[in-house]
Amino acid sequence: MLCRPPFRPGLLSMEEIARQTRVHPELLARMVDMGLIEPEQYQPEMLFSPATVAYVRRAVRLRNELGINWAGLGLVMDLLERITQLEDELSRLRND
C-alpha cells in the first residue's frame, strides 16, 4: 500500500500557482530547479505556501521590468527580503 504524506491545508499546487500568477508551469518548475522557489511538500505532488504567489509575481516583474537574469534574481530577491526585515525591525525599535 502506498503511503501518502499528510495533506497540509492551505498549500497550493503548481497548477494553482501558475493560474494565480499567469506563469507557465514549466517556468515554475524551472524556478524550483534554480532554487528560487521551494515546495513545502514534494510527494505525491509539489505543493507550495500561499506566499509563493506574491514571490513569483515579484520575481517575474523584476525579470520583465528590469531585465534581471535568472541567476541574479535569487540574490536580488534575498536582498529585498533582508531590506524589508531591517525596515520592520527599525520601525519596531522606533515604536518601543
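In this text the structure is predicted, and so the values were computed from the model without any measurement. (Residues numbered from 1 in each chain as written. Predicted model: local features only at pLDDT ≥ 70, side-chain atom pairs only at ≥ 80, totals over all residues. Heavy atoms only, no water.)

Attention now goes to the confidence of the model for the protein chain. The predicted model of the protein chain has a mean per-residue pLDDT of 90, with 92% of residues at 70 or higher. This stretch, residues 1-6, has a pLDDT under 50; its non-local contacts, to residues over four places away or in other chains, come to 4 contacts. (pLDDT = per-residue confidence, 0-100. Contact = heavy atoms within 4.5 Å.)

The subject of this paragraph is the pattern of salt bridges. One pass over the full model with this rule turns up 3 salt bridges. Across the pair E16 and R19 runs a salt bridge, and its minimum N-O distance is 2.6 Å. Placement of the pair is E16 and R19 together in helix 1 (residues 14-21), with a separation of 3 residues, close to one helical turn. Here E16 falls in the partly exposed class, since its relative accessible area comes to 22%. Between R92 and D96 there is a salt bridge; the shortest N-O distance is 3.5 Å. When its relative accessible area of 44% is taken as the criterion, R92 is described as partly exposed. (Salt bridge = Lys/Arg side-chain N within 4 Å of Asp/Glu carboxyl O. Helix = DSSP H or I, 4+ residues; strand = E, 2+ residues; numbered from the N terminus. Buried < 20%, exposed > 50% of the residue type's maximum accessible area, 1.4 Å probe, protein only.)

In this section: the packing of helix 1 against helix 2 (residues 25-33). The angle between the axes and the distance between the axes are what describe a pair of packed helices. Where helix 1 meets helix 2, the axes come as close as 9 Å, and the angle between the chain directions of the two elements is 115 degrees. As far as their axial angle goes, helix 2 and helix 1 are roughly perpendicular. Relative to helix 2, helix 1 is oriented so that their crossing is right-handed. Contacts between helix 1 and helix 2 involve M14, I17 and A18 on the former and, on the latter, P25, L28, A29 and V32. For the contact of helix 1 with helix 2, the class distribution of residues is 7 nonpolar, no polar and no charged. (Axes fitted to C-alpha atoms, helices over the stretch in contact; angles between N-to-C directions. Parallel < 35°, antiparallel > 145°, perpendicular 65-115°, else oblique. Left-handed = near helix turned anticlockwise from the far one by under 90°. Nonpolar A, V, L, I, M, F, W, Y, C, P; charged D, E, K, R; others polar.)

Before going further, it helps to spend a moment on the nonpolar core. Grouped together as the largest cluster of nonpolar side chains are 20 residues, with contacts concentrated most on I17, L28, M31, I37, F48, V56 and L73. At the level of secondary structure, the elements contributing two or more residues to this core comprise helix 1, helix 2, helix 3 (51-66) and helix 4 (70-95). (Core = buried A, V, L, I, M, F, W, Y, C linked by side-chain atoms within 4.5 Å.)

Our next topic: helix 4. An ideal rise of 1.5 Å per residue puts 38 Å on 26 residues; helix 4 measures up with 38 Å between its terminal C-alpha atoms. Those residues of helix 4 that sit buried are W70, L73, G74 and M77. Capping the start of helix 4, N69 holds a side-chain oxygen 3.2 Å from the backbone nitrogen of A71, two or three residues further along. (Expected span 1.5 Å × (residues − 1). Polar contact = N/O pair within 3.5 Å; in protein donor to acceptor, adjacent residues only side chain to side chain.)

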